[in-house]
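Letter by letter, the chains look like this.
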Amino acid sequence: MYRHLTMTELLDLRDHEGTQAAERHVETCDGCAAEFERLHQRVAGLRALPALTPPRDRWTDVRETIESGRRRTVWRSTGIAGLAAAAMLALFVGVQSLTVGAIDAEASAQVQLQQLMDESQRLEGLLFAVEQEPRVMSGMTAATIAGLEDRIAMVDEGIAQAAGRSAPVTVEQLWRERVTLMGTLVNTHVRNVAYVGY
Amino acid sequence: MPELALALDELAIRRAKTGDLEALENVYRAYQGAVYTMGRRMCRTPEEAEEVVQETFLEVCRSIKRFRGSAPGSLTAWVKRIAASKALIRIRYQKYRETDELHEDGRGSMGTDVGLSMDLEAALVRLSDTARAVVWLHDVEGYTHEEIAGLMGKTVSFSKSQLSRAHARLRTMLGEEV
């Protein structure tokens, strides 16, 4: 070989992937041998760079997010039970309204209830979509989300218990509260995505 | 790379796999330094490195039950692989915000580097994001070009040429040219 080795050839040689000609050349060429030695020293220098310590402890944030995810799993399953109970209640209210003859008022209440349930379901869909975005959240956001999820879980529990026993107006109030909380929860997630996305 | 501050035995890993938060915290404590160092060396800012730490450990906590390694060091390799992947995602995201070429030309054009002698750490920072990541993963973390290509979604020759160009630039910046 009558020319100096390129950086690629030197790197291949360092990684034991060099050609025999390159190997022979570096043994006989002082310039390339010196270059090869500098390459080794550079890499040794990189490996010797000091380890760094994170300026802040992020475990609290990680833990909050993990716990929030676990709570979400719990309230989701409670929410499904609540929805099923509410559907039963809607059916019960419908049958009852026919027997007492107050068709108009009951039908109107039923429509309102159905609208709230539809809105809640739509927000569930939005929440699911926004949660698919991988992102990091601050401890404060995670705590807000956890608080909202806890309140939704309580409302769902109320809906489940009220089914067939409470006045329709109570159930409607609970659903209204659920929709409000779900809206706030979705907004909190969306704001966090916007923040992380710069 | 430095030795891990806290050795995790098999029992500790098994506990972490059950989702025990105390055990997961031990995993975090054992690896946070190594992950931060990798993030800091690969990304541009300390803030980005911190994000890499948080994203890595969220992933570790969520996925550790699927971790199947049993050989010594396999947990380290697994955590570091997640960290490398998170750091590369950050770098890719940065590339969408501004082109790599602009960044490289803007912060360390070859013209101003000629004859300039600086320390290795400063020179590393002046490389383009991609080149810096390749240098760190290959020369320090010991990843092969095949592995880097896989992580970056690029070819082996891309990884090799990035490494070659990076070393040529480092040599210039360190004033090592003959």
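Please refer to the structure higher up on the page.
Cut-offs and rules
- Residues numbered from 1 in each chain as written.
- Chains lettered and ligands numbered in written order.
- Predicted model: local features only at pLDDT ≥ 70, side-chain atom pairs only at ≥ 80, totals over all residues.
- Helix = DSSP H or I, 4+ residues; strand = E, 2+ residues; numbered from the N terminus.
- Contact = placed C-beta atoms within 7 Å.
- Buried ≥ 20, exposed ≤ 12 C-beta atoms within 10 Å, placed from the backbone.
- Nonpolar A, V, L, I, M, F, W, Y, C, P; charged D, E, K, R; others polar.
- Expected span 1.5 Å × (residues − 1).
- Axes fitted to C-alpha atoms, helices over the stretch in contact; angles between N-to-C directions.
- Left-handed = near helix turned anticlockwise from the far one by under 90°.
- Core = buried A, V, L, I, M, F, W, Y, C linked by C-beta atoms within 7 Å.

**Student:** Even after reading the chapter, I still don't get the overall build of chain B, so can you show me in this structure?
**Tutor:** Counting secondary structure elements, chain B contains 10 helices and 0 strands. For chain B, the succession of helices and strands along the chain, N to C, is α-α-α-α-α-α-α-α-α-α. Sequence separation of at least 24 residues holds for 65% of the intrachain contacts in chain B that already meet a minimum separation of 6.

**Student:** Where do I start with the overall build of chain A in this structure?
**Tutor:** When its secondary structure is counted, chain A shows 7 helices and 0 strands. Element order for chain A, N to C, with α for helix and β for strand: α-α-α-α-α-α-α. Taken over 198 residues, chain A has a buried fraction of 25%. Within chain A, residue pairs in contact and separated by at least 24 positions form 77% of the contacts whose partners lie at least 6 positions apart.

**Student:** Can you walk me through the interface of chain A and chain B in this structure?
**Tutor:** As a measure of interface size, the accessible area lost when the parts come together is often cited. Counting residues at the interface gives 26 residues for chain A and 33 residues for chain B. Counting only elements with at least two residues in the side of chain A that touches chain B, the list comes to helix 1 (7–14), helix 3 (30–47) and helix 4 (59–100) of chain A. Broken down by element, the residue count for the side of chain A that touches chain B peaks at 8 residues, all from helix 3 of chain A. A per-class count over the side of chain A that touches chain B returns 14 nonpolar, 5 polar and 7 charged.

**Student:** Before we go on, may I ask you to explain helix 3 (residues 46–63) of chain B in this structure?
**Tutor:** The periodicity of an α-helix, 3.6 residues per turn, causes residues three or four places apart in sequence to face the same way. Its 18 residues give helix 3 of chain B an end-to-end C-alpha distance of 25 Å, which sits within 8% of 26 Å, the value for a rise of 1.5 Å per residue. All of the buried residues in helix 3 of chain B are Ala49, Glu50, Glu51, Val52, Val53, Gln54, Glu55, Thr56, Phe57, Leu58, Val60 and Cys61 of chain B.

**Student:** Any chance you could explain the packing of helix 2 (residues 21–42) of chain B against helix 3 of chain B here in plain terms?
**Tutor:** For any two helices packed against each other, the geometry comes down to the angle between their axes and how far apart the axes lie. Residue and element names in this part refer to chain B. Here helix 2 crosses helix 3 at 145 degrees, and the two axes come no closer than 9 Å. Along this stretch, helix 2 crosses helix 3, giving a crossing that reads as right-handed. For the pair helix 2 and helix 3, contact is made by Leu24, Val27, Tyr28, Gln32, Val35, Tyr36, Gly39 and Arg40 and by Pro46, Glu48, Ala49, Val52, Val53, Thr56, Phe57, Val60 and Cys61, respectively. Looking at the contact of helix 2 with helix 3 residue by residue, the class counts come to 12 nonpolar, 3 polar and 2 charged.

**Student:** Explanation requested: the environment of lysine 154 of chain B in the structure shown.
**Tutor:** Tracing the chain through its elements places lysine 154 of chain B in the loop between helix 9 (145–152) and helix 10 (156–173). Once you skip the residues sitting within four places of it in the chain, lysine 154 of chain B turns out to touch Ala149 and Ser159 of chain B.

**Student:** Help me out: how do you make sense of the nonpolar core in this one?
**Tutor:** As a rule of thumb, nonpolar side chains are buried together in soluble globular proteins. Core analysis: the largest hydrophobic core is formed by 52 residues, its most contacted members being Val35, Ala83, Ala87, Ala133 and Val134 of chain B. Counting residues per element, this core draws most heavily on helix 2 of chain B, at 9 residues. Aside from chain neighbours lying at most four places away, what touches valine 134 of chain B is Ile148, Ser159, Gln162, Leu163 and Ala166 of chain B. Counting 19 residues, the second-largest nonpolar core is a separate cluster that includes Leu113, Ile159, Val171 and Val179 of chain A.

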